[in-house]
Amino acid sequence: MEDIESRLAHIQNTINEAAQRSGRNPDKIELLAVSKTQPSEIVHQAMRAGVLHFGENKVQEARGKIETLERGVWHLIGHLQTNKAKDAVRLFDSIDSVDRLELAEEIARRAEVIGKIQNVLLQVNIARESTKFGCAPESARALAEEINAIPRLNLRGLMTIAPYSPDPEKSRPHFAGLRELRDKIETDTGLHLPVLSMGMSGDFVVAIEEGSTCVRIGTALFGERLTLKQRHPEDPSFTEST
């Protein structure tokens, strides 16, 4: 608990300093704790320390945490297959990885069934990496307009994942690119897209300087990610391929 509290305090101070340097209000920057691979008891510690928003990569892994803890604001930040949309809509407050019209339409159908307005973000592959999901930047405007027109969906903004680099400055052009893309979409279409979800443990300071409103922090808050075997030492059936 003390480790999470001290890490959280350090992260929050860093967010505040980066925001102030950039002439921004720190209260407008959301800390999204990436709780993937973390057991429920660790997530509960983070909740007790004051964390409100949590991000998970996989619907199946998140289900037990969300249903057990019954608290927090939960974001799906990993790739979503259409056949998992039903559970995703039931479990998550926001689906931050919508990257194609087919998925958006399926999410809307599932939201209609349970009478929900589903918050979503459009994931953009701003660096055009072949190993990452997200729509191409040149497709973002049209896709944003299509998603915005679908009943039961509330398109709140854009999300991206910068290419990994030990030098956070390498991420700056990508974050600036997403901000500029968002601004152009707003100007050209009249859409209101207040959320820019960008920046992780290694580069969130640069992301804030370039306009991020949501930073996704995992390792810096929880420490190094646990393997499946470390999380389930008593169960020999768990392997890294499970």
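Residues numbered from 1 in each chain as written. Predicted model: local features only at pLDDT ≥ 70, side-chain atom pairs only at ≥ 80, totals over all residues. Heavy atoms only, no water.

Structural notes on the pattern of salt bridges
Stage number 1. Tallied over the full model, the rule gives 22 salt bridges.
Stage number 2. Of the charged contacts in the structure, one is a salt bridge between Lys65 and Glu56, with a shortest N-O distance of 2.8 Å.
Stage number 3. Take Glu56: its relative accessible area is 0%, and that puts it in the buried class.
Stage number 4. The network of salt bridges with shared partners includes Arg21, Glu169, Arg172, Arg179, Glu180, Glu209 and Glu210. (Salt bridge = Lys/Arg side-chain N within 4 Å of Asp/Glu carboxyl O. Buried < 20%, exposed > 50% of the residue type's maximum accessible area, 1.4 Å probe, protein only.)

What about helix α7 (residues 172-189)?
Stage number 1. With 18 residues, α7 should reach 26 Å at 1.5 Å per residue; the first-to-last C-alpha distance of 26 Å fits that figure.
Stage number 2. For α7, the secondary structure elements touched by its buried residues are α6 (137-148), β6 (153-159), β7 (195-197) and α8 (204-209).
Stage number 3. Where α7 terminates, the next one or two residues include Gly190, which has phi positive at roughly 85°. (Helix = DSSP H or I, 4+ residues; strand = E, 2+ residues; numbered from the N terminus. Expected span 1.5 Å × (residues − 1). Contact = heavy atoms within 4.5 Å.)

Observations concerning the side chain of Ser35
Stage number 1. The residue Ser35 is located in the loop between β1 (30-34) and α2 (40-49) in this model.
Stage number 2. Setting aside residues up to four positions removed in sequence, Ser35 forms contacts with Val43, Phe54, Gly55, Glu56, Glu61, Lys65, Trp74 and Phe222.

Some remarks on the pairing of β1
Stage number 1. Judged by how many residues are buried, β1 sits mostly within the fold: 4 of 5 residues are covered.
Stage number 2. Pairing analysis gives 4 bridges linking β1 to strand β8 (residues 214-217), with the strands arranged parallel. Paired with Ala33 across the bridge in β8 is Ile217.
Stage number 3. With 3 bridges joining them, β1 and strand β2 (residues 53-56) adopt parallel strand pairing. Paired with Leu32 across the strands is His53, a residue of β2.
Stage number 4. Following the backbone out of β1, through α2 and into the adjacent parallel β2, one traces a crossover that is right-handed. (Pairing = 2+ DSSP bridges. Right-handed = clockwise from strand over helix to strand, strands pointing away.)

Observations regarding the state of the cysteines
Stage number 1. Considering all chains together, one arrives at 0 disulfides under this definition.
Stage number 2. Here Cys135 is not disulfide-linked; the sulfur of Cys214 is the nearest cysteine sulfur, at 18 Å.
Stage number 3. On the basis of relative accessibility, which here comes to 7%, the residue Cys135 falls in the buried class. (Disulfide = S-S within 2.5 Å.)

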